[in-house]
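# Analysis of the macromolecular model
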Amino acid sequence: MRHAIFCLLVVLASTDAQAQDFEKTLRGLRDQFTAPAQESPRAEGAAPSIPPFGEVPEADEIKIGQRIAGNVLGAAPLVGDPALQRYVNRVGRWLASQSERPGLPWTFGVIDSNDVNAFAAPGGYILVTKGLYVLLRDESELAGVLAHEVAHVVRKHHLKLLQQTQLIGAGTELLKQRVGKDQRVQGLIGSGAEIMARGLDKAAEFEADRMGVVLATRAGYDSFGLPAVLQEIGHLSADSGAVALLFKTHPHPDERLARLGEAMGSRFDGIKDGKSLPERLHKTSR
Amino acid sequence: MTRIRVSVMALGLLALAAGARESGVALKDDVLRAEPFGDAKTVGTVAKGAQVTIVKRVSGWYQVTVGKTGGWVRLLSIRRGQATKIDPAKEAGGVAALSSGRGGTGQIVSTTGVRGLGEEELKTAEFDEAALKKAQSFAVSQADAQAFAAKGKLKARKLDYLPPPGD
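Being a predicted model, the structure only gives us computed values, none of them experimental.

Moving on, we get to the overall build of chain A. When helices and strands are counted, chain A shows 13 helices and 3 strands. Counting all 286 residues of chain A, 53% fall into the buried class. The contacts of chain A with a sequence gap of at least 6 include a subset with a gap of at least 24, amounting to 72%.

Structure (structure tokens):
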């Protein structure tokens, strides 16, 4: 495996004149494979790198997530409703507190777009579009949506996708001449919020659905908030522009429901006191 | 007699207008039960692809009618509704092609609150530090979230993650 990757890097390098720099990079990469990533001796304030294998230090993950979230916000700003923003943060943080990563700087937001979608950037930065928010009928449905995204962060799905991308891009990206640190992070995450436009594999989405249902249930909500949202989205027509990206990057809601149904089975029959809280869902103007 | 039928029809229309009844489609073969419990008596079956009328939801169950049979079926066996379109342009008051943020003429139109967020918009997005700071300013502590949960009488419980189906 390692051998194959080195070959790939060599192929990439041979297309570039800066072969000497490349050798240095290659040595650096090799060192990263053998040394624990947490102890990477970087100067304070340096741009985080994404090691192609192993753990990305949490501080770097957070920086990367901030960069991606800031890019998404550059495309669609926060809805100008402070009470709404505070509300989704409370619901989201309570859900995240039931996860294995309660201490991340969890930040949730509703962004001003009529598209129906939600984004989970590494480090705990989660953005939901207003187009999705207005479809929700109670707090348990909001919890279901946020819990699915929290699960992506807990399992580091997008971070791993970035690592895989890095692996392919390492030969060319790391060969670039030193640039300003922000540009360098930008180079590492691709252009804009490209990573958020890319789909995870189906297994990751199904896993986030299963975990989302459990996280919402752990938080005391009705377990069927997420399934109810999938049902709502499932009957939106795929040729509607508003769900185009969501449908492109996720398995069809019907398939997600079917998988979730198989996984949930009768396991939730005994849980009868989950809350829906329709009266507490913060209403925002469309 | 005629009068009765008319009022029944009127009631039906009222119910439809209020969205009280909604149709759905069975995603798989399943049984109808007398009550919304897994061990309740079986009163019928629903075949994959069958049209059902949804009466109401109680947690993980829908009360439905299939033909002349009524009963409770697991929510996850049903897809709600018929395919309907939502059109962000219409919602925004008839401005065309807003999901790309552009009008048909290729000119940028004013899109306050109706921005699309497709692949292109994400790829060309530029980092907005002020917006990020603003978003971060709304983050809350775990203690704050816990107090909020308590207000809603949300009680945390232990529950293991679900294995993938088939395991």
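As a further point, take the environment of Leu73(A). For Leu73(A), the location among the structural elements is in helix 3 (residues 58-75). Leu73(A) sits in the buried class, given 27 other C-beta atoms within 10 Å. Taking the C-alpha atoms as reference, Leu73(A) lies 7.4 Å from Ile111(A); in sequence the two are 38 residues apart. If near-sequence neighbours (up to four positions away) are discounted, Leu73(A) is found in contact with Leu78(A), Ile111(A), Asp128(B), Ala131(B), Leu132(B) and Ala135(B).

Turning to the sheet that holds strand 2 (residues 118-121) of chain A, a few remarks are in order. Paired through backbone hydrogen bonds, the strands of a sheet run either parallel or antiparallel to each other. Residue and element names in this part refer to chain A. One open sheet accounts for 3 strands, arranged 1-3-2; its pairing is mixed. Each of the sheet's edge strands pairs with one partner strand only, and the pair in question is strand 1 (107-111) and strand 2. Each strand axis lies, on average, 15° off the axis of its neighbour in the sheet, ignoring direction. For strand 2 and strand 3 (residues 125-129), the ladder comprises 4 bridges, and the chain directions are antiparallel. The residue bridging Ala118 from the neighbouring strand is Val128, located in strand 3. Contacts from helix 3 reach strand 1, strand 2 and strand 3 within the one sheet, and its direction differs from that of strand 3 by about 20°. Packed onto the sheet, helix 4 (residues 82-96) meets strand 1 and strand 3 and runs at close to 135° relative to strand 1.

In this section: the interface of chain A and chain B. Of the residues lining the interface, 79 residues belong to chain A; the matching set on chain B comes to 64 residues. The set of elements that each furnish at least two residues to the side of chain A that touches chain B consists of helix 3, helix 4, strand 1, helix 9 (194-197), helix 10 (202-218), helix 11 (225-234), helix 12 (244-249) and helix 13 (253-264) of chain A. Grouping the constituent residues of the side of chain A that touches chain B by class yields 32 nonpolar, 29 polar and 18 charged.

Quick look at the nonpolar core now. Val72(A), Leu95(A), Leu146(A) and Val150(A) are the most contacted members of the largest nonpolar core, which has 101 residues in total. Among the elements that make up this core, the one with the highest residue count is helix 6 (residues 139-154) of chain A (9 residues). Not counting residues within four places of it along the chain, the set of residues in contact with Val72(A) comprises Ile111(A), Phe119(A), Leu127(A), Ala193(A), Met196(A), Leu122(B) and Ala125(B).

This brings us to the environment of Ser23(B). All names here are of chain B. By the secondary structure assignment, Ser23 is in strand 1 (residues 22-26). The class for Ser23 is partly exposed, based on 15 C-beta atoms found within 10 Å. Taking the C-alpha atoms as reference points, Ser23 and Thr65, 42 residues apart in sequence, are found 9.5 Å from one another.

Residues and elements named next belong to chain A. For the pair helix 6 and helix 11, interaxial distance at closest approach is 7 Å and the crossing angle is 90°. By the criterion of interaxial angle, the relationship of helix 6 to helix 11 is roughly perpendicular. Residue-level contacts link Ser140, Glu141, Ala143, Gly144, Val145, Ala147 and His148 of helix 6 to Gly225, Leu226, Ala228 and Val229 of helix 11.

Take helix 3 of chain A next. Along its 18 residues, helix 3 of chain A runs 26 Å from first to last C-alpha, staying within 8% of the 26 Å computed at 1.5 Å per residue. For helix 3 of chain A, the buried fraction is high: 14 of the 18 residues fall into the buried class.

Residue and element names in this part refer to chain B. As for its placement among the helices and strands, Lys151 is situated in helix 5 (residues 142-151). Judged by C-beta crowding, with 11 C-beta atoms within 10 Å, Lys151 ranks as exposed. Considered as a pair, Lys151 and Thr124 are 27 residues apart in the sequence and their alpha carbons are 42 Å apart.

With that settled, consider the pairing of strand 6 (residues 69-74) of chain B. All names here are of chain B. Examined bridge by bridge, strand 5 (residues 61-66) and strand 6 share 6 bridges and lie antiparallel to one another. Within strand 6, the position partnered with Thr65 by the bridge is Gly70. If you look at the hairpin formed by strand 5 and strand 6, you'll find 2 residues sitting between the two strands, and Gly67 has a positive phi there, around 60°.

About the cut-offs
- Residues take numbers from 1 onward in each chain, read along the sequence in its written order.
- Here the convention is simple: chains get letters from A, ligands get numbers from 1, in the order in which they are written.
- Side-chain atom pairs in this predicted model are given and counted only at pLDDT of 80 or more, local residue features only at pLDDT of at least 70, and totals for whole chains, interfaces and linings cover all residues.
- Starting at the N terminus, helices and strands are each numbered in turn, a helix being any DSSP run of H or I of at least four residues and a strand any DSSP run of E of at least two.
- Any residue surrounded by 20 or more other C-beta atoms within 10 Å of its C-beta is treated as buried, while 12 or fewer makes it exposed and the intermediate range makes it partly exposed; C-beta atoms here are placed from the backbone.
- Note on contacts: each residue gets a C-beta atom placed from the backbone, and two residues are in contact if those atoms are within 7 Å.
- At least two bridges found by DSSP between two strands are what make those strands a pair.
- For every element, the axis is a line fit to its C-alpha atoms; helices are fit only across the contacting stretch, and the angle between N-to-C directions ranges from 0 to 180 degrees.
- When residues are sorted by character, Ala, Val, Leu, Ile, Met, Phe, Trp, Tyr, Cys and Pro go into the nonpolar class, Asp, Glu, Lys and Arg into the charged class, and all the rest, Gly among them, into the polar class.
- Nonpolar cores are identified as sets of buried Ala, Val, Leu, Ile, Met, Phe, Trp, Tyr and Cys residues joined via C-beta atoms within 7 Å.
- Under this scheme an angle from 65 to 115 degrees is roughly perpendicular, one under 35 degrees roughly parallel, and one over 145 degrees roughly antiparallel; angles in between are oblique.
- Helix span is expected to be 1.5 Å times the residue number reduced by one.

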